[in-house]
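The residues making up each chain are set out below.
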Amino acid sequence: MKGYNFAYLDEQTKRMLRRTLLKAVAIPGHQIPFGAREMPLPYGWGTGGIQVTAAVLGRADTLKVIDQGADDTTNAVSIRRFFARTAGVATTTRTASATIIQTRHRIPETTLTEAQIIVYQVPQPEPLYQLEPSRTETRRMHALADYGAMHVRLYEQVARYGQIAISYDYPVMVNGRHLMAPSPIPAFDNPKMHRMRALQLFGAGREKRIYAVPPYTAVVSLDFEDHPFRASRAAHVCALCGDRASYLDEVVTDDRGGRMFICSDTDHCASRRESAP
Amino acid sequence: MPADLLAHPGFADPVHDAQASFRAVLQALARPGTLWRVAPPADPPPPLAPAAAAVLLTLVDADAPVHLAGRFAALAPWVAFHTGSANAEPGAAAFVLSDALADFATLAAGTDEVPEASTTLILQVPALDGGPKLTLRGPGIETTRNFAPRGLPADFAARWAANRRLYPRGIDLVLCAGSTVAGLPRSIFIAESS
Amino acid sequence: MAYVAVKGGERAIDAAHAWLAAARRGDGAIVELQTAQIREQLGRAVDRVMAEGSLYDPELAALAIKQSQGDLIEAGFLLRAFRTTLPRLAATLPLDTATMRLTRRISAIFKDLPGGQVLGPTYDYTHRLLDFALLENAPVAPAPQAEAIAGPTPRVADILGHEGLLEADARSEDEPFDLTRAPLAFPAGRDARLQGLARGDEGFLLGLGYSTQRGYGNNHPFVGELRAGEVDVEIVPAELGFAVCIGTVTLTECQMVNQFAGSKTEPAQFTRGYGLAFGHADRRAMAMALVDRALRAEELGEARTAPAQDPQFVLSTCDNVEATGFVEHLKLPHYVDFQSELETIRRLRATAERTQAASLPEAAP
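## As for the interface of chain B and chain A
Here's step 1: Contact with chain B, which involves 39 residues of that partner, is made by 42 residues of chain A.
Here's step 2: Note on chain B versus chain A: buried area summed over both sides is about 3,400 Å², and carbon and sulfur give 57% of it.
Here's step 3: The largest contributions to the chain B side of the interface with chain A come from B:Arg31, B:Glu113 and B:Glu116, which together make up 18% of the buried area.
Here's step 4: Counting across the interface, chain B meets chain A through seven salt bridges.

## Examining the pattern of salt bridges
Residue and element names in this part refer to chain A.
Here's step 1: All told, the structure shown has 64 salt bridges over all chains when counted by the stated rule.
Here's step 2: Of the charged contacts, one joins Arg-256 and Asp-254 as a salt bridge, the two residues approaching to 3.8 Å between their closest N and O atoms.
Here's step 3: Using a relative accessible area of 28% as the deciding quantity, one classes Asp-254 as partly exposed.

## With respect to a nonpolar patch on the surface
Here's step 1: Judged by side-chain polarity, A:Tyr4, C:Phe82 and C:Leu86 come together as a nonpolar surface patch covering roughly 240 Å² of accessible area.
Here's step 2: Mapped onto the fold, C:Phe82 is located in helix H5 (residues 72-83).
Here's step 3: Residue classification places C:Phe82 among the partly exposed positions, given a relative accessible area of 32%.

## Examining the interface of chain C and chain A
Here's step 1: Contacts between the two partners involve 45 residues from chain C, matched on the other side by 62 residues from chain A.
Here's step 2: Regarding the contact of chain C and chain A, the summed buried area is about 4,600 Å², with carbon and sulfur atoms giving 56% of it.
Here's step 3: Inspection of the region where chain C meets chain A yields six salt bridges.
Here's step 4: Of the charged contacts, one joins A:Glu250 and C:Arg346 as a salt bridge, the two residues approaching to 2.8 Å between their closest N and O atoms.
Here's step 5: Elements with a contribution of two residues or more to the side of chain C that touches chain A: helix H1 (9-25), H5, helix H11 (320-328) and helix H12 (335-359) of chain C.
Here's step 6: Among the elements that take part in the side of chain C that touches chain A, H12(C) stands out by supplying 13 residues, more than any other.
Here's step 7: Here the residues of the side of chain C that touches chain A are counted per class, giving 19 nonpolar, 12 polar and 14 charged.

## Overview of the pairing of strand E2 (residues 62-67) of chain A
All names here are of chain A.
Here's step 1: Counting buried residues in E2 gives six out of six residues, a clear majority hidden from the surface.
Here's step 2: Here E2 shows two buried faces, one formed by Thr-62, Lys-64 and Ile-66 and the other by Leu-63, Val-65 and Asp-67.
Here's step 3: Bridge count between E2 and strand E3 (residues 90-91): two bridges; the pairing is parallel. Residue pairing across strands places Leu-63 opposite Thr-91, the latter belonging to E3.
Here's step 4: The parallel pair E2 and E3, bridged by helix H3 (residues 74-86), forms a crossover whose chirality is right-handed.
Here's step 5: For E2 and strand E4 (residues 100-104), the ladder comprises five bridges, and the chain directions are parallel. Residue pairing for E4: Val-65 is matched across the bridge by Gln-102.

## Description of the nonpolar core
Here's step 1: A:Val56, A:Phe83, A:Leu201, B:Leu48 and B:Val181 are the most contacted members of the largest nonpolar core, which totals 71 residues.
Here's step 2: Looking at which element gives the most residues to this core, the answer is helix H2 (residues 14-30) of chain B, with nine residues.
Here's step 3: Residue contacts for A:Leu201: discarding those within four places in its chain leaves A:Leu21, A:Val25, A:Val52, A:Val56, A:Ile117, A:Ile118, A:Val119, A:Tyr120, A:Tyr211 and A:Ala212.

## Regarding the sheet that holds strand E3 (residues 244-261) of chain C
Residue and element names in this part refer to chain C.
Here's step 1: Spatially, E1-E2-E3-E4 is the arrangement adopted by the four strands of the open sheet, whose pairing is antiparallel. Strand pairing shows two members of the sheet lacking a second neighbour, strand E1 (101-106) and strand E4 (269-278), which therefore form its edges. Adjacent strand axes in the sheet meet at a mean angle of 25°, parallel and antiparallel pairs treated alike.
Here's step 2: Across five bridges, E1 lies against strand E2 (residues 222-235) in antiparallel orientation. Of the residues in E2, the one forming a bridge with Arg-104 is Ala-228.
Here's step 3: Each of E1, E2, E3 and E4 touches helix H9 (residues 282-295); the most contacted strand, E4, lies at about 140° to it.

## Considerations on the environment of A:Trp45
Here's step 1: When you line up the elements, A:Trp45 lands in the loop between strand E1 (32-33) and helix H2 (47-56).
Here's step 2: Contact partners of A:Trp45, with chain neighbours within four places excluded, come to A:Asn75, A:Ile79, A:Gln121, C:Gly325, C:Glu328, C:His329, C:Lys331 and C:Leu332.

## A short note on the pairing of E2(C)
Residues and elements named next belong to chain C.
Here's step 1: Across the 14 residues that make up E2, a large majority, 10, are buried.
Here's step 2: For E2 and E3, the ladder comprises 13 bridges, and the chain directions are antiparallel. Pairing of Arg-227 across the sheet is with Glu-253, part of E3.

So, how was this worked out
Residues numbered from 1 in each chain as written. Chains lettered and ligands numbered in written order. Predicted model: local features only at pLDDT ≥ 70, side-chain atom pairs only at ≥ 80, totals over all residues. Heavy atoms only, no water. Contact = heavy atoms within 4.5 Å. Buried area = accessible area lost by both parts, 1.4 Å probe. Salt bridge = Lys/Arg side-chain N within 4 Å of Asp/Glu carboxyl O. Buried < 20%, exposed > 50% of the residue type's maximum accessible area, 1.4 Å probe, protein only. Patch = residues over 30% accessible without salt bridge, like charges linked within 9 Å, V, L, I, M, F, W, Y side chains within 5 Å. Areas by Shrake-Rupley, 256 points an atom, 1.4 Å probe, with all protein chains shown as cover. Helix = DSSP H or I, 4+ residues; strand = E, 2+ residues; numbered from the N terminus. Nonpolar A, V, L, I, M, F, W, Y, C, P; charged D, E, K, R; others polar. Pairing = 2+ DSSP bridges. Right-handed = clockwise from strand over helix to strand, strands pointing away. Core = buried A, V, L, I, M, F, W, Y, C linked by side-chain atoms within 4.5 Å. Axes fitted to C-alpha atoms, helices over the stretch in contact; angles between N-to-C directions.

Listed below in structure tokens is the structure:
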């Protein structure tokens, strides 16, 4: 785009982001403060993910952007256009064709490969913030791996509901050391993070934090021996492609309780329909 | 800048060479012990290897001071001209460039609260293969990975073990030879292979 | 039953932008607003947008106001997003507000003072009666001109300082923190706090400052001095080695004089709160000074009991570009999260029903 650098950010800002990313990779799951810049998109709409993608992206990359698993949601369209405009990179909706996937709230159903990087948009990087609002204090808790309060919170849910009742942004332990917010993906997606082949990068623009999970790193959802973590989904079949295992959106079809269930991952669903006999 | 240094340009394409070189370093640290090609400047000033030159040009600037150790000290004007980075003492440097493994204790390992406030050691070695075999395991490695760079001291595994014990504090290593880089982040365990 | 997948996000966005542009222009029969008109005639809006946008450029602030249909938070955001892309060519010397060419200067703590009180172009004593003459674009009579104040006008704070009655300004040769390039860490230093407050949301600062007056962290403020006017901006180019003026900015500065502090070892002294804002902005500068003083509670050994005294609360919340983004992001799709909550609630209810059914006594035959 005329008047702007490749991928919008100036080179000094990219260097700052890149240095932060390298430290993030070296300390899996540890949040690193960075000098987040104002982006031309609003805070809370993916500015952290956008800055990470801008620091990583090159001319040869093929970018996929999803929001809620779909390529055609308006914010995904807007971010994809931003990079098509500022970096001139190829974009795709095909998970398998992408080298970089920026996502909000989902991990694709298609297993990611070593050749891919997934960038998560993160609204709240601090997994402890509901337990302890002071960042000075949560930083100390991470330093000491003092995560007892989180286990107590989960146990209180077990006592009250008979099970852990966190549906999304379900806290994970990374590399056996750092408690991490996986971003508001459904807990259904958590197991995909564990020992994923692709590099996982996380950007929180408003909160100015970057973190990462290298490939093949242990990412374990917190649970108890007698109340193991369960990845749940709606017990239905996709009405479009017939998948029985994918994560489903519930679509309201009338005001008399009519419902249908369809794949949240639009590329996954379309690919299945195309390859169906 | 001395005339002999002036003759050695930086990146031919600063934006895209830096991006390609960063991706190489990112992959190197994300997949420890694997080798990645950078997009180096055409003719880096000796004794700087192309990969080490690319790493400096990609990551160092006025906000990230570098310490040029030993025979690299003479390159300070070239580094300052191309990156804007001032030479810093090892303990205060974000990056240390060396061709001999520094005593980790002289470098910044960060604190438990801010483990990222640590030195990245850019280590120029003769080659990234053909040396004594090391076995790596940890984040970025599916099971174990063999890695055999040349130019590491004989007691490297023991020194690394001491570094690993500091985790999440610690030093990260970027090894450079020719136009290739490999990474050893603080998170991994290293054993000597028999 | 037909289901049409939600498609066409691109078309929707294009259409929405076209509609927005048309709505912004409004009735084509009405003459289009010029940015010069905004700059000259909506100066207080321009000042606020420059402050919250962290960029002193009245022309671009006016453009941002036009582009955002007068949504000043949106305008500040536009300015900030532009500002991020600008190169940093030089750092200025600290501004010296004692050399300000004053258009306004009042002190609430001294009846008169060297250089005098200057009321300036203020709304303070206007009667808030709608002026229907403005509907008619009636010509405005020229304002009377006084002679310019000769010589520098000492800040009231300096006058009090000579006697040691007011704490001295903390001096530092350190490079000040730069909020626009480094993330805030808490507890933040005063340089970082002042910088955050200087571009904080005026309404939020006003509310917080007001809260201190209503007992949530009271610090007994007096307006030592409120001054506004032009100040020279100087840099020292490396190749010259001496200061050159590169332009002027209009500023409003508030020196709040607050309740004294002291101890057995230190004599009692008034303390300070400081506010500084682009343009003519009494309200912003005063609110900032109140909050600055409140945030010094810990440093001055006062109990930290109120929101205005909590640096993380104030600084992480006062930025309206961040706040508006995160509040408004709730309108983005969240149906994946909502679906996961639906499944959890259904599961919890099913579990509860089963438990209840199991505990019911069997019906008698």
